[in-house]
Amino acid sequence: MYLVTMWDNFAAGTAILFGVFSQCVAVSWFYGLEQFCKDAQQILGFRPNLYWRLTWKFISPFFILVIVISSITNFTPLVFESYTMGKYAYPVWANVVGWLIAASSMSFIPIVAIYQLSKFKGTLRRRFALAISPQWEHRSIVEGGRVKRFQRGHWLAL
């Protein structure tokens, strides 16, 4: 139960929510809510209504971020409770290992983002444009064309 409690506390909670937050931001903001709704309409046969669009773009990312931040700031050291043995407080090293487990999965998101930025050539703006744009738009971006994801309409679309 010692390891199961550690995995349950550290690998499941904050790390998964951080991944969900990152996906929510990537789909709603970088991929674009308009494109996502077009894809959903093609699959479902109807466009998601305003409730879903607001939820995907603003409400979900906000609440997930609040939960991630509060789970980090309100962390309490692990305690295992057993009916037969009572309470057992985990040593400090076990909590450190637990946070390393959580960080090992959470760290891949910014690492991949940095890798995506570093694999393209040019200014930081151009590399960012290439990193957040689908591959079919890369030729236009490289040739100096308009970056769809840098347009105000992309970020403000509902």
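Residues numbered from 1 in each chain as written. Predicted model: local features only at pLDDT ≥ 70, side-chain atom pairs only at ≥ 80, totals over all residues. Heavy atoms only, no water.

## Things to note about the overall build of the protein
Line of reasoning, step 1. Per the secondary structure count, the protein includes 8 helices and 2 strands.
Line of reasoning, step 2. Ordering the α and β elements of the protein from the N terminus gives α-α-α-β-β-α-α-α-α-α.
Line of reasoning, step 3. For 158 residues, the compact-globule estimate of 2.2 N^0.38 gives 15 Å, and the protein exceeds it by more than 25% at 21 Å.
Line of reasoning, step 4. Based on the C-alpha atoms only, the size of the protein along its principal axes is roughly 65 × 40 × 25 Å.
Line of reasoning, step 5. Buried residues in the protein amount to 27% of all 158 residues.
Line of reasoning, step 6. Carbon and sulfur atoms provide 68% of the accessible area of the protein, an area that totals close to 10,700 Å². (Helix = DSSP H or I, 4+ residues; strand = E, 2+ residues; numbered from the N terminus. Rg over C-alpha atoms; globule rule 2.2 N^0.38 Å. Buried < 20%, exposed > 50% of the residue type's maximum accessible area, 1.4 Å probe, protein only. Areas by Shrake-Rupley, 256 points an atom, 1.4 Å probe, with all protein chains shown as cover.)

## Here's the deal with the packing of aromatic side chains
Line of reasoning, step 1. Enumeration over the complete set of coordinates arrives at 13 aromatic pairs.
Line of reasoning, step 2. Between Phe62 and Phe63 the ring centres are 5.3 Å apart and the planes differ by 70°, which places this aromatic pair in the edge-to-face class.
Line of reasoning, step 3. Relative accessible area serves as the criterion here: at 48%, Phe63 is assigned to the partly exposed category.
Line of reasoning, step 4. Members of the aromatic cluster, each reached through a chain of ring pairs, are Trp29, Phe30, Phe58, Phe128, Phe150 and Trp155. (Phe/Tyr/Trp six-rings, centres within 6.5 Å; stacked < 30°, edge-to-face > 60°.)

## A look at helix α2 (residues 14-44)
Line of reasoning, step 1. For α2, with 31 residues, the first-to-last C-alpha span of 32 Å runs short of the 45 Å given by 1.5 Å per residue.
Line of reasoning, step 2. At Gly32, α2 shows its largest bend, some 105°.
Line of reasoning, step 3. Those residues of α2 that fall on the buried side of the exposure criterion are Thr14, Ala15, Gly19, Phe21, Ser22, Cys24, Ser28, Gly32, Leu33, Gln35, Cys37 and Ala40.
Line of reasoning, step 4. Considering only its buried residues, α2 is in contact with α1 (2-10), α3 (50-73), α4 (92-106), α5 (108-119) and α8 (152-156).
Line of reasoning, step 5. In the segment just after α2, Gly45 is the residue with positive phi, at about 95°. (Expected span 1.5 Å × (residues − 1). Bend = angle between axes of the 7 residues up to and from the residue. Contact = heavy atoms within 4.5 Å.)

## What about the confidence of the model for the protein?
Line of reasoning, step 1. Summarising the model, the protein shows a mean pLDDT of 90, and 99% of its residues fall at 70 or more.
Line of reasoning, step 2. Mean pLDDT across the elements of the protein bottoms out in α1 (80) and peaks in α3 (95). (pLDDT = per-residue confidence, 0-100.)

## A short note on the packing of α4 against α5
Line of reasoning, step 1. One way to put it is that α4 packs onto α5 with a least axis distance of 5 Å and a crossing angle of 30°. Here α4 lies roughly parallel to α5, going by the angle between them. Between α4 and α5, the contacting residues are Ser104, Ser105 and Met106 on the first element and Phe108, Ile109 and Pro110 on the second.
Line of reasoning, step 2. Here the residues of the contact of α4 with α5 are counted per class, giving 4 nonpolar, 2 polar and no charged. (Axes fitted to C-alpha atoms, helices over the stretch in contact; angles between N-to-C directions. Parallel < 35°, antiparallel > 145°, perpendicular 65-115°, else oblique. Nonpolar A, V, L, I, M, F, W, Y, C, P; charged D, E, K, R; others polar.)

## Details of the layout of surface pockets
Line of reasoning, step 1. Estimated volume of the largest pocket: approximately 580 Å³.
Line of reasoning, step 2. If you go around the largest pocket, you meet 20 residues; those closest to its centre are Ala26, Phe30, Ile109, Ala113 and Ile132.
Line of reasoning, step 3. Where the lining of the largest pocket is concerned, the elements lending two or more residues are α2, α5 and α6 (124-132).
Line of reasoning, step 4. Here the residues of the lining of the largest pocket sort into 16 nonpolar, 3 polar and 1 charged. (1 Å grid on protein atoms, 1.4 Å probe; cavity = no way out; pocket = protein on both sides within 12 Å on 5 of 7 lines; lining within 4 Å. Points joined across faces, edges and corners; volume = space filled by probe spheres on them.)

## A look at the side chain of His154
Line of reasoning, step 1. Checked against the element boundaries, His154 lands in helix α8.
Line of reasoning, step 2. Of the polar contacts made by the side chain of His154, one reaches the backbone oxygen of Trp29; its length is 2.8 Å. (Polar contact = N/O pair within 3.5 Å; in protein donor to acceptor, adjacent residues only side chain to side chain.)

## Topic: the environment of Asn49
Line of reasoning, step 1. Its location among the elements puts Asn49 in the loop between α2 and α3.
Line of reasoning, step 2. The spacing of Asn49 and Leu17 is 32 residues in sequence and 25 Å in space, taken between C-alpha atoms.
Line of reasoning, step 3. There is a polar contact of 3.1 Å between the side chain of Asn49 and the backbone nitrogen of Tyr51.

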